[in-house]
Amino acid sequence: MNKKVIHSIDTAPEAAKPFLEKAQGKFGFVPNILGAMAEAPATLEGYLTLTGIFEKSSLSPIERQLVLLAVSRENECHFCVAAHSGGAIKAGLDDGEVEHLREGEALNDPKLEALHAFATALTVSRGHVGEKALEDILSAGYTRQQAYEVILGVAVKVMTNYVDALADVPLNDQLAPMKWVPLSRRAAE
């Protein structure tokens, strides 16, 4: 069975085409993860809608990319780690800090590290982080609202991370410089 069904604008179901056209306009190419999601237009629309809402959150562009990257790393999504590594750099996060995120290492900035730890804990524990994790992010200077906005970011990434796991989505050439291999697969390569 061929797991890789990656639609282009031409091959996508009619209901998915406008979303892929918009992505083409935004990125200059259609990310393969969206091409895979196009198989289910409602899933693609839901992902893009939630992404748009997450972009309106009170978290900064760097903070949003950090959340998306941390969740993707924890879920071993090679496609999303590559995409959000570039997104984090574009948002202004230092290359060294991006590398720390890619490797699951602590960040040098204590406030950003608290956000990283919280996003990772939410992902690993499936939301059951306990009071200490909430206290840690609040004492780092984030608000309860922002802690809940992290949950939105986790939900956004679970969608693409799980699509990648099902479809084994190949990286677009544009993302190849940010290629990432999960630790669990590094010995095999």
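Procedures and definitions
- Residues numbered from 1 in each chain as written.
- Predicted model: local features only at pLDDT ≥ 70, side-chain atom pairs only at ≥ 80, totals over all residues.
- Heavy atoms only, no water.
- Buried < 20%, exposed > 50% of the residue type's maximum accessible area, 1.4 Å probe, protein only.
- Helix = DSSP H or I, 4+ residues; strand = E, 2+ residues; numbered from the N terminus.
- Arc of directions from axis to C-beta.
- Contact = heavy atoms within 4.5 Å.
- Polar contact = N/O pair within 3.5 Å; in protein donor to acceptor, adjacent residues only side chain to side chain.
- Phe/Tyr/Trp six-rings, centres within 6.5 Å; stacked < 30°, edge-to-face > 60°.
- Lys NZ or Arg CZ within 6 Å of the ring centre and 35° of its normal.
- Disulfide = S-S within 2.5 Å.
- Salt bridge = Lys/Arg side-chain N within 4 Å of Asp/Glu carboxyl O.
- Core = buried A, V, L, I, M, F, W, Y, C linked by side-chain atoms within 4.5 Å.
- Axes fitted to C-alpha atoms, helices over the stretch in contact; angles between N-to-C directions.
- Parallel < 35°, antiparallel > 145°, perpendicular 65-115°, else oblique.
- Left-handed = near helix turned anticlockwise from the far one by under 90°.
- Nonpolar A, V, L, I, M, F, W, Y, C, P; charged D, E, K, R; others polar.

(A) Main features of helix 6 (residues 95–103). The complete set of buried residues in helix 6 reads E97, V98, L101 and R102. Buried residues along helix 6 cover an arc of 145° about the axis, so they all sit on one side. Summarising the contacts, the buried residues of helix 6 are in contact with helix 4 (61–74), helix 5 (78–91) and helix 7 (110–125). If you check the start of helix 6, you find a side-chain oxygen 2.8 Å away from the backbone N of G96, and it comes from D94.

(B) Representation of the packing of aromatic side chains within the structure. Using the criterion set out here, one finds one aromatic pair in the structure. For the ring pair F27 and F29, a centre distance of 6.2 Å and an interplane angle of 45° mean the geometry is tilted. Note on F27: relative accessible area 42%, which makes it partly exposed. K111 extends its terminal NZ or CZ atom over the ring of Y142, reaching a point 4.7 Å from the ring centre.

(C) Broad picture of the state of the cysteines. Inspection of every chain in the model, using the stated rule, returns zero disulfides. No disulfide involves C77; its sulfur sits 3.1 Å from that of C80, the nearest cysteine. C80 sits in the buried class, given a relative accessible area of 2%.

(D) The arrangement of the pattern of salt bridges in detail. The final tally for this structure, using the stated rule, is four salt bridges. Taking the shortest distance from any N to any O, the salt bridge between R102 and E99 comes out at 3.5 Å. On the criterion of helical spacing, the pair formed by R102 and E99 is a turn pair, its members being three residues apart in helix 6. As a salt-bridge pair, D136 and K132 come within 2.9 Å of each other at their nearest N and O atoms. Separated by four residues within a single helix, D136 and K132 lie in helix 8 (residues 130–139), roughly one turn from each other.

(E) Just the nonpolar core, in detail. Core analysis: the biggest nonpolar cluster contains 49 residues, and L34 and V150 have the highest contact counts within it. At seven residues, the largest contribution of residues to this core is made by helix 9 (residues 144–167). Among residues more than four places away in sequence, those in contact with L34 are L20, A23, L44, Y47 and L48.

(F) A look at the environment of N161. Along the chain, N161 turns up in helix 9. Expressed as a C-alpha distance, the spacing of N161 and V81, which sit 80 residues apart in the sequence, is 9.4 Å. With sequence-adjacent residues up to four places away left out, N161 is seen in contact with V71, S72, N75, C77 and C80. Among the polar contacts made by the side chain of N161, one reaches the side chain of S72 at a distance of 3.3 Å.

(G) Layout of the packing of helix 5 against helix 6. Packing of helix 5 against helix 6 leaves a shortest axis separation of 9 Å and a crossing angle of 155°. Considering their axes alone, helix 5 and helix 6 lie roughly antiparallel with respect to each other. The crossing of helix 5 and helix 6 is right-handed. Judged by residue contacts, V81, A82, S85, A88 and I89 of helix 5 engage D95, V98 and R102 from helix 6. Grouping the amino acids of the contact of helix 5 with helix 6 by side-chain chemistry returns five nonpolar, one polar and two charged.

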